[in-house]
Amino acid sequence: MKQTIGILLALALALGMTACSGTEDPAQSGASGSAPAAEEVSAACEHEWIPASFTAPETCARCGETRGGLKEDYFAQNGLELLEAPPQEAFPVTYITYAQADPSVCTSHTDGSFEVLDQTVEPDGEGYQLVTLEVEVHLPVPLDESTMDAWSCSWSNQLADRYTGLVLPSKDTYGSDGFDYQAQVSYDGEDYDIYYSKQVEVEGSGWYDTADGGRRNDRYFHQVYTLRVPEGYDGLVYGLIPSYQYSEETNYDTVDEETSYVTDTDPERLAATVFFRFGQPAPDAGAPQE
């Protein structure tokens, strides 16, 4: 996919706000016998679940019962390096240029650059939070066989869920474009709605002479991702995927709803993909995951 975004997947933590029915004090009721067993208290309790974090079980504040458990980390399971926060410095982008009349005339370049400009996390209604990620990609397009006439350039990315590796449905974009989407995902037998959008603004410098006697046309892609995810969800992962050749599977019209996972990517591209988490505080920005 080109310029796929790839968003992501979100999970909700249920928070009950009901009262505990409790049991009578034997001393006050005149009843005899020992106190009720813990499992009896749990069965009688109208639970008030207290979430710790997405990865940990929830505990009832009234009876102490727990539910849920630790979620598996898809990236760790598959031996994929995952940065714990967006990189603080720009890093390289591998992109392609191709002739519009004949996309097989294609060149892969490694001198692009990717930079995270900003990210925010804000409350957004009961049980949800709004996450934004703003990035910019600079592609210094050279004049060569693939750009002599009408041409295009592209780079690839995706959003995925840290715990399942599920790739967020997206669509390819061309030029200044964008889309909005709503999806439903399931965790632990419950369904949750998530909402997200991608907006892209593209600017170009036009052709100009370079110091080495060549010609260049700079392209700047300014992208803003906005995601409404359940409060406490910390599984958003961004992947910057290298582009080596033109793909005939490009679709600029509709969101690709086919289920796919991070490891479905070609092994060569997967090995060179940069993954990082966003949308949650991290103690060591840019540090690899243990």
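Up top you'll find the structure we're talking about.
Computed from a predicted model, the values in this text were never measured in an experiment.

Q: Hey, could you run me through the overall build of the protein chain in this one?
A: Summing up its helical and strand segments, the protein chain has 4 helices and 14 strands in all. Taking all 290 residues of the protein chain together, 40% fall into the buried category.

Q: Looking at this structure, how should I read the pattern of salt bridges?
A: Two side chains bearing opposite charge may form a pair once their charged atoms approach each other closely. This structure, assessed with the given rule, holds 8 salt bridges. The salt bridge involving Arg62 is made with Glu48; its shortest N-O contact spans 3.2 Å. With Arg62 in the loop between β2 (58-60) and β3 (66-67) and Glu48 in the loop between α2 (38-44) and β1 (49-50), the pair connects residues that are 14 residues apart, well separated along the chain. Across the salt bridge formed by Arg277 and Glu84, the nearest N and O atoms sit 2.5 Å from each other. Here Arg277 is found in strand β14 (residues 274-277), whereas its partner Glu84 is found in the loop between α3 (74-77) and β4 (91-99), with 193 residues between them in sequence.

Q: What is the right way to look at the packing of aromatic side chains in this model?
A: Here a ring pair, both rings aromatic, is described through the centre-centre distance and the interplanar angle of the planes. If you walk through the whole model with that rule in mind, you get 13 aromatic pairs. Aromatic side chains Tyr98 and Tyr246 sit 4.7 Å apart centroid to centroid with 50° between the ring planes, which places their arrangement in the tilted category. Here Tyr246 lies in the loop between β13 (236-241) and α4 (267-271) and Tyr98 lies in strand β4, a separation of 148 residues in the sequence. Judged by relative accessible area, which is 27%, Tyr246 ranks as partly exposed. With centroids separated by 6.2 Å and ring planes inclined at 75°, the aromatic side chains of Trp155 and Phe221 adopt a geometry described as edge-to-face.

Q: Whenever I open this one, the environment of Glu249 confuses me. Can you help?
A: Residue position: Glu249 is located in the loop between β13 and α4. For the pair Glu249 and Asp172, spaced 77 residues apart in sequence, the C-alpha separation works out to 9.8 Å.

Q: Just to check I follow, could you spell out the pairing of strand β8 (residues 156-161) for this structure?
A: A regular strand carries its side chains on alternate faces of the sheet. Taken across its 6 residues, β8 has 6 buried, putting it largely inside the fold. Here β8 shows a buried face lined by Ser156, Gln158 and Ala160 and a second buried face lined by Asn157, Leu159 and Asp161. Summarising the sheet, β8 and β13 pair through 6 bridges and their orientation is antiparallel. Bridge assignment links Gln158 to a residue of β13, and that residue is Gly239.

Q: What should I look at first to understand the sheet that holds β3 in this one?
A: Pairing is antiparallel in the open sheet, where 3 strands are placed in the order β1-β2-β3. One side of each edge strand has no neighbouring strand; the edge strands of this open sheet are β1 and β3. Across 2 bridges, β1 lies against β2 in antiparallel orientation. Paired with Ile50 across the two strands is Thr59, which belongs to β2.

Calculation notes
Residues numbered from 1 in each chain as written. Predicted model: local features only at pLDDT ≥ 70, side-chain atom pairs only at ≥ 80, totals over all residues. Heavy atoms only, no water. Helix = DSSP H or I, 4+ residues; strand = E, 2+ residues; numbered from the N terminus. Buried < 20%, exposed > 50% of the residue type's maximum accessible area, 1.4 Å probe, protein only. Salt bridge = Lys/Arg side-chain N within 4 Å of Asp/Glu carboxyl O. Phe/Tyr/Trp six-rings, centres within 6.5 Å; stacked < 30°, edge-to-face > 60°. Pairing = 2+ DSSP bridges.

Shape is all these values report; function is a separate question.
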